[in-house]
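Remarks on the overall topology
Residue strings, one per chain:
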Amino acid sequence: MQDMSLDDIVGNPREYELTFYDGSSRKVYVTEIEAPYPDGKLIVSRTDKAGIITHVNRAFVEMSGYSKEELVNQPHYILRHPDMPRAAYRDLWDTVEAGKKWHGYVKNLRKDGGYYLVYATVIPNIRNGEVVGYTSVRRKPSPRKMAEALTLYAQMLLEEQA
Amino acid sequence: MSYLMTISPDFAPELIAGWYIFNTWLQKQLGEGIHLELFNDFESQREAIRNNQIDIIYANPFDASMLIREKGFTALVRPVGKQDEAVIAVNAARSVEQVEDLRPGIRIASTDDPDVHMMGMIMLEPADLNVENTERSVVDSYIIVAKQLIRNEADVGFFLKEAFDNLSNFTREQLKPLVESEISIIHHSLLIGPRLAAQQDRIRELLLHMTADPKGAGVLESLGFQGWEHIDEEDVEFMIDLMDTLV
């Protein structure tokens, strides 16, 4: 997957190299600038079974900082933030591939290097008994639960890096 | 054979006459007898659905999910440009300016409209409020939700946006909206049951062409609709998947 471009970054970034489950990797730039979640909105996206984005709504485009064209046909991990542990995504995929609904608190990476915090729900789209893809809906999180999740993720990251 | 039509109990009371006019128009077009039955609440309507009594329904998105996945109904059309959105409001005299200013123990007034209540509770989550640290009173109409706020019998009220916008100016001026949903994907739809399945294409065509027919256009006006638009199975499945992520 294409590296992030320093030309898109706002603020002073840190640089990371992320490696994804499919073996691909990406250079990302991260700042401490939070984009506040807009009241009342839902961020909605759909992917195929492989996690490739097939549909995004306007709130997704606005919050991610990418255009719709830059998002569709890309892996959903285009939003992966280096502060998120791999185990959280493993849990997500294990859950939805088993045909179940997954909930969790997620820190997502924006195109400009900033981040936004969400409570995400992912469900498998079942048509005629077959999983054909996944729908993900993100909403404004409870700040208390989000803070608890971020603390846990920091510990999990340390363990993953040990 | 006679059929039974019903309307989601969250319809605006001033549109009752419009639904009777619509039913008369549809009977004439189809040459079939259709009885319009209006239920006072969601539970009594669901009982009729469970007993397979309903053939045509203008359904709330929650019930559409059950009708399609469990009762073999098919969604035909939805009203053009009408989405279900919710508003959380408080008494205008309160010092509360945003959802995050609300505290545990608040009293919520809402109707038994399931999608509005769900959207309202989701919009309270950023204040760490949930079913366990709030009190809910279920009332019969959005007018009563407004009255409870004005009399300080409730701290926040959940409204269907359309109902909030239709409150009288005098009532609305005594209320302060804190947040409105902007979901855009959740909507009511018109569904038909298995007994009418053979007439599905014919009914859909009649509805889609109502705007082109002077009588049909008048009927739409009495319902407050600009027209109907086609929805296919995947549109409805998508909405149901989305609803599943929210419950």
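Because the structure is a prediction, the values reported are computed rather than measured.

All right, on to the pairing of strand 2 (residues 33-37) of chain B then. All names here are of chain B. Because side chains alternate across strand 2, one face comprises the buried residues I34 and L36, and the other comprises G33, H35 and E37, none of which is buried. Of the strand pairs in this sheet, strand 1 (residues 2-7) and strand 2 are connected by five bridges, and their pairing is parallel. Each bridged residue has a counterpart across the sheet, and for S2 the counterpart in strand 2 is G33. In this fold, the crossover linking strand 1 to strand 2 by way of helix 1 (residues 16-30) has right-handed handedness.

Residue and element names in this part refer to chain B. Considered domain by domain, chain B is made up of domain 1 (2-82 + 185-246) and domain 2 (86-180). Relative to domain 2, the C-alpha centre of domain 1 lies at a distance of 28 Å. Domain 1 puts twelve residues into the contact, and the matching count from domain 2 is eight residues. Carbon and sulfur atoms supply 65% of the area buried between domain 1 and domain 2, which totals about 880 Å² over both sides. Looking only at domain 1, the three residues that lose the most surface to domain 2 are F42, F62 and L246, adding up to 44% of its buried area. Where domain 1 meets domain 2, there are one salt bridge. A salt bridge links K82 to E162; its shortest N-O distance comes to 2.8 Å. The tally of links between domain 1 and domain 2 comes to four residue pairs in polar contact (both at pLDDT 80 or more).

A word on the interface of chain A and chain B. Across the contact, 22 residues belong to chain A and 22 residues belong to chain B. Both sides together, the interface formed by chain A and chain B hides about 1900 Å², and carbon and sulfur atoms give 52% of it. Contact with chain B buries area across many residues of chain A, yet L42, R127 and R139 of chain A alone supply 27% of it, more than any other trio. Our count for the chain A to chain B interface comes out at seven salt bridges.

A residue-level look at chain B finds 100% of positions with pLDDT of 70 or above and a mean pLDDT of 94. By mean pLDDT, helix 10 (residues 233-246) of chain B is the weakest element of chain B at 89, and strand 6 (residues 107-110) of chain B is the strongest at 98.

In this section: the pattern of salt bridges. Within this structure, the stated rule accounts for 29 salt bridges over all chains. Across the pair K27 of chain A and E15 of chain A runs a salt bridge whose closest N-O atoms are separated by 3.9 Å. In this pair, K27 of chain A sits in strand 2 (residues 25-30) while E15 of chain A sits in strand 1 (residues 14-19), placing the two residues twelve residues apart along the sequence. A salt bridge links E62 of chain A to K41 of chain A; its shortest N-O distance comes to 3.1 Å. Of this pair, E62 of chain A sits in helix 1 (residues 58-64) while K41 of chain A sits in the loop between strand 2 and strand 3 (43-48), placing them 21 residues apart in sequence. Classification of E62 of chain A by relative accessible area gives partly exposed; the value is 42%. With relative accessibility at 18%, the residue K41 of chain A sits in the buried group. Through salt bridges with shared partners, one network takes in R46 and R127 of chain A together with R69, E234, E237, D241 and D244 of chain B.

Turning our eyes to something else, we now look at the environment of S141 of chain B. With respect to the helices and strands, S141 of chain B occurs in the loop between strand 7 (135-138) and helix 5 (142-150). Residues S141 of chain B and D112 of chain B, 29 residues apart in the sequence, show an inter-C-alpha distance of 8.6 Å.

Now for the sheet that holds strand 6 of chain B. Sheet strands line up and pair through hydrogen bonds in the backbone, either parallel or antiparallel. Residues and elements named next belong to chain B. Pairing within the open sheet is mixed, and its five strands lie in the order 7-6-8-5-9. Each having just a single partner strand, strand 7 and strand 9 (175-180) make up the two edges of the open sheet. Across the sheet, the mean angle from the axis of one strand to that of its neighbour is 30°, orientation sign disregarded. By the bridge criterion, five bridges tie strand 5 (residues 86-91) to strand 9 in an arrangement that is antiparallel. Counterpart to V90 in the pairing with strand 9 is K176. Taken strand by strand, helix 5 contacts strand 5, strand 6, strand 7, strand 8 (156-160) and strand 9, and its axis lies near 155° from that of strand 8.

What counts, and at which threshold
Residues numbered from 1 in each chain as written. Chains lettered and ligands numbered in written order. Predicted model: local features only at pLDDT ≥ 70, side-chain atom pairs only at ≥ 80, totals over all residues. Heavy atoms only, no water. Buried < 20%, exposed > 50% of the residue type's maximum accessible area, 1.4 Å probe, protein only. Helix = DSSP H or I, 4+ residues; strand = E, 2+ residues; numbered from the N terminus. Pairing = 2+ DSSP bridges. Right-handed = clockwise from strand over helix to strand, strands pointing away. Domains from an automatic or database assignment. Contact = heavy atoms within 4.5 Å. Buried area = accessible area lost by both parts, 1.4 Å probe. Salt bridge = Lys/Arg side-chain N within 4 Å of Asp/Glu carboxyl O. Polar contact = N/O pair within 3.5 Å; in protein donor to acceptor, adjacent residues only side chain to side chain. pLDDT = per-residue confidence, 0-100. Axes fitted to C-alpha atoms, helices over the stretch in contact; angles between N-to-C directions.

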